[in-house]
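Report on the structure
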Amino acid sequence: MPGLKNKLSLHEAIVIALININKKNFSATFEEIAQYLEKYNLFENRKGNISLLKQIELRTTKSKSAYLYLFKQIDESSIQLCLTSKSSIESLENHQGKTK
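Our subject in this report is the structure included herewith. Here the residue index of a chain counts from 1 through its sequence in written order. Residue-level local features of this predicted model are given only where pLDDT is at least 70; pairs of side-chain atoms are given and counted only at 80 or more, and the full residue set underlies all totals for whole chains, interfaces and linings. Side-chain metrics rest on all non-hydrogen atoms present in the structure, leaving aside hydrogens and water.

Moving on: the packing of aromatic side chains. Aromatic rings considered in pairs are described by the distance between their centres and by the relative angle of their planes. Only rings of Phe, Tyr and Trp enter the pairing, Trp through its six-membered ring, and a pair is recorded when the two centres are within 6.5 Å. The plane angle decides the type: under 30 degrees is stacked, over 60 is edge-to-face, the rest tilted. The final tally for this structure, using the stated rule, is 1 aromatic pair. With centroids separated by 4.7 Å and ring planes inclined at 50°, the aromatic side chains of Tyr36 and Tyr40 adopt a geometry described as tilted.

Here the focus is the sheet that holds strand β3 (residues 78-81). Pairing between the strands of a sheet comes from backbone hydrogen bonds, and it takes one of two forms, parallel or antiparallel. Paired strands are those between which DSSP finds at least two bridges. To qualify as a helix, a DSSP run of H or I must reach at least 4 residues; to qualify as a strand, a run of E must reach at least 2; elements of each kind are numbered from the N terminus. Taken in spatial order, the 3 strands of this open sheet run β1-β3-β2, and their pairing is antiparallel. Lying at the two open borders of the sheet, with one neighbouring strand each, are β1 (27-29) and β2 (71-75). In this sheet, neighbouring strand axes are inclined to one another by 30° on average, regardless of whether the strands run parallel or antiparallel. With 4 bridges connecting them, β2 and β3 associate as antiparallel partners. Considered in β3, the bridge of Phe71 is made with Leu81. Strand contacts of helix α2 (residues 30-39): β1, β2 and β3, with the helix running at about 90° to β1, the strand carrying the most contacts. Axes, fitted as lines to C-alpha atoms, cover a helix only where it is in contact. Angles between the N-to-C directions of the axes lie from 0 to 180 degrees. Between two residues, a contact is recorded if the distance between any of their heavy atoms is within 4.5 Å.

See below:
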């Protein structure tokens with residue numbers, strides 16, 4: 001996806017990865033998410049010497065993260081996109097149907 005360099009924040013890139021990695025329940029391991037982001041160059045703005053995998057884990061699971069409402073940790077190495085309302089789920093499913 002050329003032209004997206006640094007246009008997405010990390011949490012936005014993670015949401016895109018979760019939607020595309022597992023279209024059934026929008027979940028993936030931190031490793032799968034990192035590989036997806038690297039494959040499509042969705043997030044290149046790294047902070048310090050922290051690996052992308054660790055940045056994903058910190059952004060999605062740590063209590064001080066402002067984005068915890070977006071993600072649910074399902075085990076020590078996996079997260080799932082939180083869809084809090086039926087309309088959110090239907091909207092996402094309708095969007096996916098249009099892009100297949």
